[in-house]
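What follows is the residue order along each chain.
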Amino acid sequence: MKNWTFYTFLAKKLFLEHETVELQALDTAITNAVEAAECLEKNKYATIERMWTDSVDMERKFAGKIFIVLKKSSDFQKIYDDYEKERQERLAANAPQES
């Protein structure tokens, strides 16, 4: 199972082409979806537009399912570009130096 940072990364990539992203998660992955959505909202990449739950029949047992609809913020591109620039600078600073 992927952790919440993977879903945060994936949502940011999807926001490059879409105005809304819907996260869906089953059972134990619900925590990761909620953490990813909270991170995106906290860092102003998106706002949580709608969230609801359901239960799904999974071969004789029911599992919880969550749906989270995120809307891209109006400042998304600037925040995304600034973060990517900082990330590239960190990578360059930590790159091995050639002799």
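Asker: What exactly am I supposed to notice about helix H1 (residues 4-15) here?
Answerer: In an α-helix, one turn spans 3.6 residues, which is why side chains three or four residues apart end up on the same side. Taking 1.5 Å of rise per residue, 12 residues should cover 16 Å, and H1 covers 16 Å from first to last C-alpha, within 8% of that figure. Of the positions making up H1, those classed as buried are Thr 8, Ala 11, Lys 12 and Phe 15. In a view along the axis of H1, the buried residues occupy a sector of 100 degrees, so they form one face of it. Turning to H1, the residues buried within the fold contact strand S1 (20-26), helix H2 (30-42), strand S2 (46-57), strand S3 (62-72) and helix H3 (76-94).

Asker: Just to check I follow, could you spell out the sheet that holds S3 for this structure?
Answerer: Adjacent strands of a sheet form backbone hydrogen bonds with each other and so pair up, either parallel or antiparallel. Here we have three strands laid out as an open sheet, ordered S1-S3-S2, and antiparallel in their pairing. Single-partner strands in this sheet number two, and they are S1 and S2. Each strand of the sheet is rotated relative to its neighbour by a mean of 15 degrees, with strand direction disregarded. For S1 and S3, the ladder comprises seven bridges, and the chain directions are antiparallel. Within S3, the residue paired with Leu 26 across the bridge is Lys 65. This element, H2, spans S1, S2 and S3 of the sheet and lies at about 15 degrees to S3.

Calculation criteria
Residues numbered from 1 in each chain as written. Predicted model: local features only at pLDDT ≥ 70, side-chain atom pairs only at ≥ 80, totals over all residues. Heavy atoms only, no water. Helix = DSSP H or I, 4+ residues; strand = E, 2+ residues; numbered from the N terminus. Expected span 1.5 Å × (residues − 1). Buried < 20%, exposed > 50% of the residue type's maximum accessible area, 1.4 Å probe, protein only. Arc of directions from axis to C-beta. Contact = heavy atoms within 4.5 Å. Pairing = 2+ DSSP bridges. Axes fitted to C-alpha atoms, helices over the stretch in contact; angles between N-to-C directions.

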